[in-house]
Amino acid sequence: AKEKGRNNYEFHDSDVNKVMSRNLYIENELRKAIERKQFSLYYQPIFHIDSGELFGMEALLRWNHPSLGSVSPTEFIPIAEDTGQIVSIGTWVTEQACKQTKVWHEMGFPTTVLSINVSPLQFEHRNFVHTIKTIIEQTGLDPPFLKLEITESIMKNVTTSTNVLNELREYGVKTAIDDFGTGYSSLYILKKMPIDTIKIDKSFIDDLEEHTSESMVKAIIEMGLNLNLTIVAEGVEKYCQLETLKKLNCTLGQGYYFQKPVSGKGFEQLLIRTKIR
Ligand code: C2E
Ligand code: CA
Ligand code: CA
Ligand code: CA
């Protein structure tokens, strides 16, 4: 876009066309991505803050396209959500990640808890709980070793979401509110929704050196712990952030300070090292 005057932006047709045609291209290529085996999963470890022990890992989707190269999930997930393709992609992610986790458990590694990102569209789909149960049964993973990360957007439909969360809880699957604190209904969620975990958004962790941010994180952790929730800090990048989180009794931590997401093979190496230690 070119700047025009002070506050006006004039979009050149060519700019708009470029974005539109890239999005359309991505949309079309996404349809073939599963059968062409272009998706893979990366795993980022999650650690206990007090002991430093491994708790589990978050599965993160990667798309390697022959001509686009590696496309970021922040680019293709929103497109897959707009077109509804996220439902079948999400099922693929759940199947692959549960299967892999079960294999690791059977290999005798520490029984890690697997976290998976669930889009609102998936969560709202009437078959969602059935799909989760089917995958759990097919893979033989113990339900409490699966944690579903959802966002505050599920608050659009409180009654339905509460029912789904209760069904999942009854079945034994764990749930987490991702990017906690960035929505409009964070406190209401704490009060009303049957969830197990909150993941404090990276933006709060980034600013942890600022007094205001530390007070907020402190308040979130205190409230969460009082409600018997597990608290995860996401995007931990620095030692001083970890120190503060430890002081505030945060349960779990995830971020580049510990480790970046790695391939399945890479995560297995980490499991091997954990076992020896
Ligand atoms: P998210 O769920 O908030 O995942 C955390 C993102 O932050 C990941 O980016 C991760 O690689 C990155 N990250 C972790 N630690 C740090 C850190 O210390 N510093 C920084 N700067 N970044 C860190 P990624 O893998 O690019 O994923 C981006 C988003 O795409 C995810 O955000 C999630 O919303 C979405 N996503 C990824 N995989 C899936 C999936 O399988 N299904 C769905 N529905 N969404 C997914
Ligand atoms: Ca997440
Ligand atoms: Ca997050
Ligand atoms: Ca996020």
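An unreviewed UniProt entry lists the protein under the name EAL domain-containing protein, with Evansella tamaricis given as the organism.

A.B. asks: Please clarify how helix H6 (residues 158-171) should be interpreted in this entry.
C.D. replies: Every α-helix winds through 3.6 residues per turn, so residues three or four apart in the chain are directed the same way. End to end, H6 covers 20 Å across 14 residues, agreeing with the expected 20 Å (1.5 Å per residue, within 8%). Every buried residue of H6 is accounted for by Ser161, Thr162, Val164, Leu165 and Leu168. Viewed along the axis of H6, the buried residues span an arc of 165 degrees, placing them on a single side of the element. In this structure, H6 carries Thr159 and Glu170 as exposed residues pointing more than 90 degrees from its buried face. Tucked into the core, H6 has its buried residues touching helix H4 (120-124), helix H5 (128-139), strand S7 (146-150) and strand S8 (174-180).

A.B. asks: What am I meant to see in the site of ligand 1 here?
C.D. replies: Taken together, 22 residues lie around ligand 1, and Arg62, Asn117, Ser119, Glu237 and Tyr256 are the ones closest in. Between ligand 1 and the protein, one listed contact pairs an oxygen atom with a side-chain N or O atom of Glu58 at 3.2 Å. Here an oxygen atom of ligand 1 sits 2.9 Å away from a polar atom, N or O, in the side chain of Asn117. Burial of ligand 1 by the protein amounts to 80% of the accessible area it has alone, namely 810 Å². Counting residues per element, the ones that place at least two in the shell around ligand 1 are strand S4 (54-65), helix H2 (73-83), helix H3 (86-106) and S8. Ranked by residues supplied to the shell around ligand 1, first place goes to S4 with four residues.

A.B. asks: Explain the coordination of the calcium ion (ligand 3) to me, please; I cannot follow it from the model alone.
C.D. replies: Perfect tetrahedral coordination of a metal by four donors corresponds to 109.5 degrees between them, and perfect octahedral coordination by six donors corresponds to 90 or 180 degrees. Ligation of the calcium ion (ligand 3) by protein atoms is provided by Asp178 (OD), Asp179 (OD), Glu234 (OE) and Glu234 (OE), these donors lying 2.1 to 2.6 Å from the ion. Judged by relative accessible area, Asp179 falls into the partly exposed class, the value being 26%.

A.B. asks: Would you mind showing me how to read the side chain of Gln85 here?
C.D. replies: Among the secondary structure elements, Gln85 is positioned in the loop between H2 and H3. Since its relative accessible area comes to 8%, Gln85 is described here as buried. Separated by 3.5 Å, the side chain of Gln85 and the backbone oxygen of Glu27 make a polar contact. Side chain to side chain, Gln85 and Thr83 meet in a polar contact 2.8 Å long.

A.B. asks: In this structure, what is going on with the environment of Thr197? I would like to understand it.
C.D. replies: Within the secondary structure, Thr197 is located in strand S9 (residues 197-200). Residues Thr197 and Glu149, 48 residues apart in the sequence, show an inter-C-alpha distance of 8.8 Å. The contacts of Thr197, once residues within four sequence positions are left out, are Lys147, Thr175, Ala176, Ile177, Leu229, Thr230 and Val232. Reaching out from Thr197, the side chain makes a polar contact with the side chain of Lys147 at a distance of 2.8 Å.

A.B. asks: When you look at empty space enclosed by the protein in this model, what are you seeing that I'm missing?
C.D. replies: Picture a little ball the size of a water molecule; that probe, rolled over the atoms, points out where space is still empty. A full pass over the atoms with the stated rule returns one cavity of 30 Å³ or more. The volume enclosed by the largest cavity comes to roughly 40 Å³. Residue assignment for the lining of the largest cavity shows that the elements contributing at least two residues are S7 and S9. Looking at the lining of the largest cavity, its residues break down into four nonpolar, two polar and three charged.

A.B. asks: How should H3 be read in this particular structure?
C.D. replies: Compared with the 30 Å implied by 1.5 Å per residue over 21 residues, the 30 Å span of H3 between its first and last C-alpha is a close match. Among the residues making up H3, those that are buried are Ile86, Ile89, Gly90, Trp92, Val93, Thr94, Ala97, Cys98, Thr101, Trp104 and His105. In the stretch just after H3, Gly108 is the one whose phi turns positive, near 90 degrees.

Rules used in this analysis
- Residues numbered from 1 in each chain as written.
- Chains lettered and ligands numbered in written order.
- Predicted model: local features only at pLDDT ≥ 70, side-chain atom pairs only at ≥ 80, totals over all residues.
- Heavy atoms only, no water.
- Helix = DSSP H or I, 4+ residues; strand = E, 2+ residues; numbered from the N terminus.
- Expected span 1.5 Å × (residues − 1).
- Buried < 20%, exposed > 50% of the residue type's maximum accessible area, 1.4 Å probe, protein only.
- Arc of directions from axis to C-beta.
- Contact = heavy atoms within 4.5 Å.
- Near = heavy atom within 4 Å.
- Polar contact = N/O pair within 3.5 Å; in protein donor to acceptor, adjacent residues only side chain to side chain.
- Areas by Shrake-Rupley, 256 points an atom, 1.4 Å probe, with all protein chains shown as cover.
- Donors = N, O, S within 2.8 Å, 3.2 Å for Na, K, Ca; no water.
- 1 Å grid on protein atoms, 1.4 Å probe; cavity = no way out; pocket = protein on both sides within 12 Å on 5 of 7 lines; lining within 4 Å.
- Points joined across faces, edges and corners; volume = space filled by probe spheres on them.
- Nonpolar A, V, L, I, M, F, W, Y, C, P; charged D, E, K, R; others polar.

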